[in-house]
Amino acid sequence: MQGVFITGTGTDVGKTYIGVAIARTLSAEGVNVIPRKPIESGCTRDGEELIPQDAAALKEAAGFKGDLSEVCPYRFEPPISPVRAAHLANKVLTTEQLVSICLQGSEGGFTLIEGAGGFYSPLAENGLNADLAVALQLPVILVADDKLGALSNVLLNTEAIQMRGLQLAAVVLNEAEQSNADQNMNNAADLREHLDCPVFAIGHSSTEQPELPRALIDSLMAPYQRGDGSHIKVAG
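Conventions used here
- Residues numbered from 1 in each chain as written.
- Predicted model: local features only at pLDDT ≥ 70, side-chain atom pairs only at ≥ 80, totals over all residues.
- Heavy atoms only, no water.
- Helix = DSSP H or I, 4+ residues; strand = E, 2+ residues; numbered from the N terminus.
- Rg over C-alpha atoms; globule rule 2.2 N^0.38 Å.
- Buried < 20%, exposed > 50% of the residue type's maximum accessible area, 1.4 Å probe, protein only.
- Contact = heavy atoms within 4.5 Å.
- Areas by Shrake-Rupley, 256 points an atom, 1.4 Å probe, with all protein chains shown as cover.
- Lys, Arg positive; Asp, Glu negative; His and termini not counted.
- Charge placed at Lys NZ, Arg CZ, Asp CG, Glu CD.
- Axes fitted to C-alpha atoms, helices over the stretch in contact; angles between N-to-C directions.
- Parallel < 35°, antiparallel > 145°, perpendicular 65-115°, else oblique.
- Left-handed = near helix turned anticlockwise from the far one by under 90°.
- Nonpolar A, V, L, I, M, F, W, Y, C, P; charged D, E, K, R; others polar.
- Salt bridge = Lys/Arg side-chain N within 4 Å of Asp/Glu carboxyl O.
- Pairing = 2+ DSSP bridges.
- Expected span 1.5 Å × (residues − 1).

Visitor: With reference to specific residues and values, describe the overall build of the protein chain.
Guide: Scanning the protein chain for helices and strands turns up nine helices and twelve strands. Taken over the C-alpha trace, the protein chain has a radius of gyration of 17 Å; the compact-globule value for 236 residues is 18 Å, and the two agree within 12%. Dimensions of the protein chain along its principal axes, counting C-alpha atoms only, are 50 × 40 × 35 Å. The proportion of buried residues among the 236 residues of the protein chain is 49%. Pairs at least 24 residues apart make up 79% of the contacts formed inside the protein chain by residues separated by at least 6 positions. A total of about 11,200 Å² of accessible surface is found on the protein chain, and carbon and sulfur atoms cover 46% of it. Each charge class in the protein chain was averaged separately, 16 positive and 29 negative side chains, and the resulting centres sit 5 Å apart.

Quick look at the structure:
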């Protein structure tokens, strides 16, 4: 299985914004991108159907021909944690179920998986985003809001990712909101002093997709082009 697991330092840091940009760029270069966001809360209602907006954006960006239900089968309306939203809907979801969704149809493509919330946010009845990432054994991209305080948030999360035995492919700093920080702030440069993985800073636009650094795209495509596989294990 080739692909990437996109997680964040928290909610609303720009995981989908970065995921959409990656999916669109890889797809434009001929990569068969298979998007997965197995569970999403805060969905909008269209009649009897709940629309997972993040998953829909990933599907469109990837040019995925399958159904939206393949990308995101578990959808909930309240904008709260997925586990609590599932409880309110009288559903019990397990990490194993989410792993199964991510694996289905992943053969021969680049599977782009987006979690929900932060790396240590509860995702299923018996696991966190971290547990899903460990089960899938994909390289991890950590997205963080590029603002004052990002250094601590990123370093805490990178340590957690590495302690789980996962490969940290990159840290992407996304300016999710208009920043009032001092112009001398440079989180990317500061983080490079402490981390061995690549660190990228990307400006955020509500109207335009970002141009991703070539080094980031090349690093994601290299294993896919070589045809490297990854061992899958399910946390039990």
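Visitor: Describe the packing of helix α5 (residues 95–103) against helix α6 (residues 129–136), naming the residues involved and giving the relevant values.
Guide: Between α5 and α6, whose axes approach to 10 Å, the crossing angle comes to 50 degrees. Between α5 and α6, the angle falls in the class oblique. Viewed along their axes, α5 and α6 form a crossing whose handedness is right-handed. The segment α5 lies against α6, with T95, L98, V99, C102 and L103 engaging D131, L132, A135 and L136. Looking at the contact of α5 with α6 residue by residue, the classes come out as seven nonpolar, one polar and one charged.

Visitor: How would you sum up the pattern of salt bridges? Please name residues and give values.
Guide: Oppositely charged side chains can form a pair if their charged atoms are brought close together. This structure, assessed with the given rule, holds seven salt bridges. One salt bridge in this structure joins E49 and R75, with 3.5 Å as the shortest N-O distance. Note that E49 is positioned in strand β5 (residues 49–51) and R75 in strand β6 (residues 74–75), a separation of 26 residues in sequence. You can call E49 partly exposed: its relative accessible area is 40%. Judged by relative accessible area, which is 16%, R75 ranks as buried. Here D131 ties to R164 by a salt bridge, and the two come within 2.8 Å at their closest N and O atoms. Linking D131 in helix α6 with R164 in the loop between α7 (150–163) and β11 (168–174), this pair joins segments that are 33 residues apart in sequence. On the basis of relative accessible area, R164 is assigned to the partly exposed category, the value being 28%.

Visitor: Account for the pairing of strand β1 (residues 2–8), naming residues and giving values.
Guide: With seven of its seven residues buried, β1 lies for the most part within the structure. On β1, burial covers both faces: Q2, V4, I6 and G8 on one face and G3, F5 and T7 on the other are all buried. Direction of pairing for β1 relative to strand β7 (residues 110–118): parallel, over a ladder of six bridges. Its bridge partner lying in β7, I6 is registered against E114. Relative to strand β10 (residues 140–145), β1 runs parallel, the two being bridged by four bridges. Of the residues in β10, the one forming a bridge with G8 is V143.

Visitor: I'd like a rundown of helix α1 (residues 15–28), residues and numbers included.
Guide: What sets the pattern is the α-helix's 3.6 residues per turn: residues three or four places apart point alike. An ideal rise of 1.5 Å per residue puts 20 Å on 14 residues; α1 measures up with 20 Å between its terminal C-alpha atoms. Once α1 finishes, G30 follows within two positions and takes phi at roughly 90 degrees, a positive value.

Visitor: Outline the sheet that holds β11, listing residues and values.
Guide: Consider a sheet: its strands pair through backbone hydrogen bonds, and that pairing is either parallel or antiparallel. Pairing is parallel across the open sheet formed by six strands, whose spatial order is β2-β7-β1-β10-β11-β12. At either margin of the open sheet sits one strand with a lone partner, and together these are β2 (33–36) and β12 (199–202). Strand-to-strand twist in this sheet, taken as the mean axis angle between neighbours without regard to direction, amounts to 20 degrees. Sheet analysis places β11 next to β12, joined by four bridges and oriented parallel. Directly across from V171, in β12, lies its bridge partner V199. Those strands touched by α7 are β1, β10 and β11, and its axis lies near 160 degrees from that of β10.

Visitor: Please provide a residue-by-residue account of the environment of M185, values included.
Guide: Examined against the element boundaries, M185 turns out to sit in the loop between β11 and α8 (187–192). A C-alpha to C-alpha distance of 15 Å links M185 and V154, two positions 31 residues apart in sequence. Among residues more than four places away in sequence, those in contact with M185 are D146, K147 and L148.

Visitor: So, the pairing of β7: which residues are in play, and what are the values?
Guide: A large share of β7 lies buried, amounting to nine of its nine residues. Here β2 pairs with β7 via four bridges, running parallel. Bridge pairing links R36 to I113 in β7.

Interpretation in functional terms is not warranted from these geometric data alone.
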